[in-house]
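Listed below are the residues making up each chain.
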Amino acid sequence: MSAPSLDLEISRAWLVDPASGREGPGEIVVRDGLLAAVTWLEGAATDGIGPDGVVVAPGFVDLHVHLREPGNEDAETVATGLAAAAHGGFTTVCAMPNTEPALDEPGVLSRIRAAAEASGSPVELLAYGAVTAGRAGEQLAALGELADAGVVGFSEDGLPTRSAPILRAALAYAGALGLPIVEHAEDLTLTADAEATDGRVATVLGLRGWPVAAEFAAVSRALALLADVRADVPGARLHVTHVSTAVSLELIREAKLRGLPVTCDVTPHHLALSDEWLAGSRRWSWDAIDDRGLARDPWADGALVGSPYSTSLRVNPPLRCAEDAVACLAALADGTADAVATDHAPHREVDKAVEFGLALNGISGIETALGVLLLAVDAGRLTLSRAIESLTTGPAAMLGGRTKRASAMGLLEGTPADLVVFDRSETWTVLPDGLASRGKNTPLIGMALPGRVLLTVAAGRLAYEAPEA
Ligand SMILES: [Zn+2]
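Model, not experiment: these values are computed from the prediction. (Residues numbered from 1 in each chain as written. Predicted model: local features only at pLDDT ≥ 70, side-chain atom pairs only at ≥ 80, totals over all residues. Heavy atoms only, no water.)

What to know about the packing of aromatic side chains
One pair of aromatic rings is described through two measures. These are the centre distance and the angle between the planes. The following threshold applies: Pairing of aromatic rings covers Phe, Tyr and Trp, the last counted by its six-membered ring, and requires centre-to-centre distances within 6.5 Å; plane angles under 30 degrees mean stacked, over 60 mean edge-to-face, and any other angle means tilted. Under the DSSP-based scheme used, a helix requires at least four consecutive residues in state H or I and a strand at least two consecutive residues in state E, with every element numbered from the N terminus. Burial classes: relative accessible area under 20% of the type maximum marks a residue as buried, over 50% as exposed, and values in between as partly exposed (1.4 Å probe, protein chains only).
Summed over all chains, the structure comprises three aromatic pairs. Taking the centre distance of 5.4 Å and the plane angle of 75° together, the rings of F60 and F90 count as edge-to-face. With a gap of 30 residues between them, F60 in strand β5 (residues 60–65) and F90 in strand β6 (residues 90–95) connect regions that are remote in the sequence. In this structure F60 comes out as buried when scored by relative accessible area, which is 0%.

Considering the pattern of salt bridges
Heads up, the condition is: Put simply, a salt bridge is a Lys or Arg side-chain nitrogen that is within 4 Å of an Asp or Glu carboxyl oxygen.
With the rule as written, the count across this model stands at 19 salt bridges. The closest approach of N and O atoms between R283 and D301, which form a salt bridge, is 2.8 Å. Of this pair, R283 sits in the loop between α9 (268–272) and α10 (322–334) while D301 sits in the loop between α9 and α10, and the two are 18 residues apart along the sequence. For R283, a relative accessible area of 15% corresponds to the buried category. A salt bridge links D351 to R348; the shortest N-O distance between them is 2.9 Å.

Let's talk about the layout of surface pockets
Where we set the bar: Grid points spaced at 1 Å and placed over the protein atoms alone form the basis of the search, with a cavity being a set where a 1.4 Å probe fits but cannot get out and a pocket an open set showing protein on both sides within 12 Å along at least five of seven lines. Lining residues have an atom within 4 Å of a point. Grid points are joined across faces, edges and corners, and a volume is the space filled by probe spheres set on the points. Residue classes follow a fixed rule: Ala, Val, Leu, Ile, Met, Phe, Trp, Tyr, Cys and Pro count as nonpolar, while Asp, Glu, Lys and Arg count as charged, and any other residue, Gly among them, counts as polar.
In this structure, the largest pocket encloses a volume near 540 Å³. In terms of lining residues, the largest pocket is bounded by 27 residues, among which R68, N98, G158, H347 and N361 are the most central. Each residue belonging to the lining of the largest pocket can be placed in one class, and the counts come to six nonpolar, 13 polar and eight charged.

Re the side chain of H64
Basically, it comes down to this: Polar contact is defined as a pair of N or O atoms within 3.5 Å, subject to the rule that within protein one atom must be able to donate a hydrogen and the other to accept it, and that residues adjacent in sequence are counted only when both atoms are side-chain atoms. The criterion used for residue contact is that any of the two residues' heavy atoms lie within 4.5 Å.
Note on placement: H64 falls in strand β5. For H64, the side chain forms a polar contact with the side chain of H66, separated by 3.2 Å. Among the polar contacts made by the side chain of H64, one reaches the side chain of D157 at a distance of 2.9 Å. Once residues within four sequence positions are removed from consideration, H64 is found in contact with C94, M96, D157, T241, H242, A341, T342, D343 and H344.

Concerning the environment of N316
Position of N316 among the secondary structure elements: in the loop between α9 and α10. A residue is classified by how much of its surface remains accessible, and N316, at 12% relative accessible area, is buried. Sequence separation between N316 and A57 is 259 residues, and the spatial gap between their C-alpha atoms is 30 Å. With residues near it in sequence (within four places) discarded, N316 still touches G158, H184, E186, W210, H242, D343 and N361. For N316, the side chain forms a polar contact with the side chain of E186, separated by 3.1 Å.

What follows is the structure in structure tokens.
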């Protein structure tokens, strides 16, 4: 397949380059797929250009997606998942290995790479290998073979690494291979049959509680093992994905201060949504806390405008209270959280058209991530540059050299163009037909989000172009 050469000029835009720490009015020129020129404007030429209009940034990197292929192609395929990524502004995605069969040997990696190639998408598909054979939690998978085949780390995601001895061994083996363990932090002994985060909303709705302690205990265990392993294996590294509570983030903050090689990500839904949505609220987390930073009462406030028990809100970890959500935002702002990862989890309609507790966990989120982050920017909870960093250089740093994309280096002249162009002055409404993902399972259906993506360019090729508005 020969790639058409891309030529493009974007003048009078707001450029954000997290690699150089620079943002401001500028212009870019793409010639034959290469980022030929990045020009920062000065003086009178900058008149009328602001951060609230057209923005150009490096292509986004998502450390956590589920593409469902092989095994559950009715929910998503590699092709539809990559199309959804491009629509969301992402040019690199890292797929979780909980497919059927699990990605626990190089053959499965070859299959999804072939599917990506066949899709024709220029979005970079990276993948994690499973920690244990068949994700059964008993024996380590062939980590060395998987590393040779090119996985970017190991994870049991969907589940935690089951036992402490296996997590310990995995941190050591993966560390020796120069790869991180990406941990889904959940103590399963505390979450059996759990439905909603422990608290008033769960109690009033009659949903079984999912304690914050389940995440705290698992993060604590992983950090203790990391500290232990690191004495023998200096390369051991831990990445905790979808951290959702203030107390877990505090543990990670302390561990980083002690010099432990730990990184973490937070999801858009854990930043902006909270458990009161289960009762029918549709207000953002920062509007759901009072002046003292405590969660307000959605019943007393008359904040309940939607249907309760919407299964589109069932997710693991569960939506937490608003205090936790704003703590996740604060952790992202101060760098405790290194990245935003979407945990894009598309599901078939039938798997959500059941009672709350029986619905599969997950939100289809890669197409709405940018809009949700921009809402937090608009609310003053995050700077635009930090939001972009958390989608680009933040996750790229976790990947080290394992992404081959230029976006990891920012807006760099002479490299294959890998960037996103979006317009903050344009809102778009989230509708099922407008989503490229097969998974329409998002609680944001019908809502308007800022920052319509106009163009996504990956590896010098057009990955997405918005239809004329
Ligand atoms: Zn997970």
